[in-house]
Amino acid sequence: MHLDDRLQALADFVSEGSRVADIGTDHGYLSIALVQAGKADFVVASDKNAGPFEAATRAVREAGLMDTISVRLGDGLATLQPGEVDTVCIAGMGGVLMTEILEASPEVVAQLTTLILQPQSAAAELRRWLYRKHWHIADESLAIADGRIYEIIKAERGRRKMPEEILLEIGPVLWEKKPPLLRHHIESLLFQQRRVAAGMEKSKRALSSRKYQEVKGRIKELEARLSW
């Protein structure tokens, strides 16, 4: 199974011999690739929508992996039993929704050792939640697919000091590793923050708000990080 760079980046973070849940599996491609590569001994491929569930079921059947991959229809981690898997992959949804999915199934999350997450938005909020809940970011990577840059976060259990605010935006491990796509990533964050500031500058009330000052401060810090 050939994966695009985004899904391959998730697969790269899965430790060999893991028992994995692929939440929001879509067509089941990540699940199939993990088993075919020998990364996962067992995978739950779960989706809350009937269309992706049926597509994943067909793909898993055609790959001859029905004994190793359990395709399930259900919302979030509700399809899992506590201790059934040790690693959860969630991709293609907002960071806040990811935290809500994890919060909704505390018994399942309590038995996990690894989270591999690819937020479409609100990555800073997701990172902050992880540290508050006694997870920490063990690794991060960036990938480009369909002309868009994606952040992939690998979190493991263990209390660590909360990173400074600007590193929650950029990614603490990304800043430490400085991968080739980091400058592109920071420029993308800058573009988003400048757009927010421009919108707020149309309102006198917004201009005098604390949020506006926070956005301007974030822009200044991101600009400073570009000169490493």
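Summary of the structure given here.

What counts and how
Residues numbered from 1 in each chain as written. Predicted model: local features only at pLDDT ≥ 70, side-chain atom pairs only at ≥ 80, totals over all residues. Heavy atoms only, no water. Helix = DSSP H or I, 4+ residues; strand = E, 2+ residues; numbered from the N terminus. Buried < 20%, exposed > 50% of the residue type's maximum accessible area, 1.4 Å probe, protein only. Contact = heavy atoms within 4.5 Å. Polar contact = N/O pair within 3.5 Å; in protein donor to acceptor, adjacent residues only side chain to side chain. Salt bridge = Lys/Arg side-chain N within 4 Å of Asp/Glu carboxyl O. Arc of directions from axis to C-beta. Pairing = 2+ DSSP bridges. Axes fitted to C-alpha atoms, helices over the stretch in contact; angles between N-to-C directions. Core = buried A, V, L, I, M, F, W, Y, C linked by side-chain atoms within 4.5 Å. Parallel < 35°, antiparallel > 145°, perpendicular 65-115°, else oblique. Left-handed = near helix turned anticlockwise from the far one by under 90°. Nonpolar A, V, L, I, M, F, W, Y, C, P; charged D, E, K, R; others polar.

## Remarks on the side chain of His-185
Inspection of the secondary structure assignment puts His-185 in helix H9 (residues 182-200). Accessibility expressed as a relative area gives 2% for His-185, which makes it buried. Ignoring any residue separated from it by four or fewer positions in sequence, one finds His-185 in contact with Leu-142, Ile-149, Glu-151, Glu-169, Ile-170 and Leu-174.

## A look at the environment of Thr-25
In this structure, Thr-25 sits in the loop between strand S1 (18-23) and helix H2 (29-36). Separated by 190 residues in the primary sequence, Thr-25 and Val-215 have C-alpha atoms spaced 35 Å apart. Apart from the residues lying within four places of it in its own chain, the contact partners of Thr-25 are Ser-31, Ala-45, Ser-46, Asp-47 and Ala-56. Side chain to side chain, Thr-25 and Asp-22 meet in a polar contact 2.7 Å long.

## Thoughts on the pattern of salt bridges
Tallied over the full model, the rule gives eleven salt bridges. With a shortest N-O distance of 2.3 Å, Arg-128 and Glu-165 are connected by a salt bridge. You can see Arg-128 sitting in helix H6 (residues 123-132) and its partner Glu-165 sitting in helix H7 (residues 165-170), a full 37 residues away along the chain. Arg-128 gets classed as buried once you look at its relative accessible area, which sits at 17%. For the salt bridge of Arg-194 with Glu-223, the shortest nitrogen-to-oxygen distance reads 2.8 Å. Linking Arg-194 in helix H9 with Glu-223 in helix H11 (residues 210-225), this pair joins segments that are 29 residues apart in sequence.

## Notes on helix H4 (residues 95-103)
Buried residues of H4: Gly-95, Met-98, Thr-99, Ile-101 and Leu-102, and no others. Looking down the long axis of H4, one finds its buried residues gathered within 160° of arc, a one-sided arrangement. Where H4 is buried, its residues touch strand S4 (87-93), helix H5 (106-109), strand S5 (114-119) and H6.

## A short note on the sheet that holds S1
With respect to topology, seven strands assemble into an open sheet ordered S3-S2-S1-S4-S5-S7-S6, the strand pairing being mixed. Across the chains shown, the open sheet's two edge strands, defined by having one partner strand only, are strand S3 (69-73) and strand S6 (135-145). Between one strand axis and the next, the sheet turns through 15° on average, direction left out of account. Where S1 and strand S2 (residues 40-47) come together, six bridges link them in parallel fashion. Within S2, the position partnered with Arg-19 by the bridge is Phe-42.

## As for the nonpolar core
Membership of the largest hydrophobic core comes to 29 residues, with the highest contact counts inside it found for Ile-69 and Ile-152. Elements that contribute at least two residues to this core include exactly helix H1 (5-12), H2, S2, helix H3 (50-62), S3, S4, S6 and strand S7 (148-157). With five residues, the single largest contributor to this core is H2.

## Things to note about the packing of H9 against H11
At a minimum axis separation of 9 Å, H9 and H11 run at an interaxial angle of 155°. Our classification of the angle between H9 and H11 gives roughly antiparallel. The two elements H9 and H11 meet at a crossing, and its hand is left-handed. Contact residues: H9 offers Ile-186, Leu-189, Leu-190, Gln-193, Arg-194, Val-196, Ala-197 and Met-200, while H11 offers Lys-211, Tyr-212, Val-215, Lys-216, Arg-218, Ile-219, Leu-222, Glu-223 and Arg-225. Broken down by class, the residue content of the contact of H9 with H11 amounts to ten nonpolar, one polar and six charged.

## A look at the packing of H4 against H6
H6 packs onto H4 with a crossing angle of 30° between their chain directions and a minimal axis gap of 7 Å. Taken together, the axes of H4 and H6 lie roughly parallel to each other. On H6, the residues that touch Gly-95, Val-96, Met-98, Thr-99, Leu-102 and Glu-103 of H4 are Glu-125, Leu-126 and Trp-129. A per-class count over the contact of H4 with H6 returns five nonpolar, two polar and two charged.

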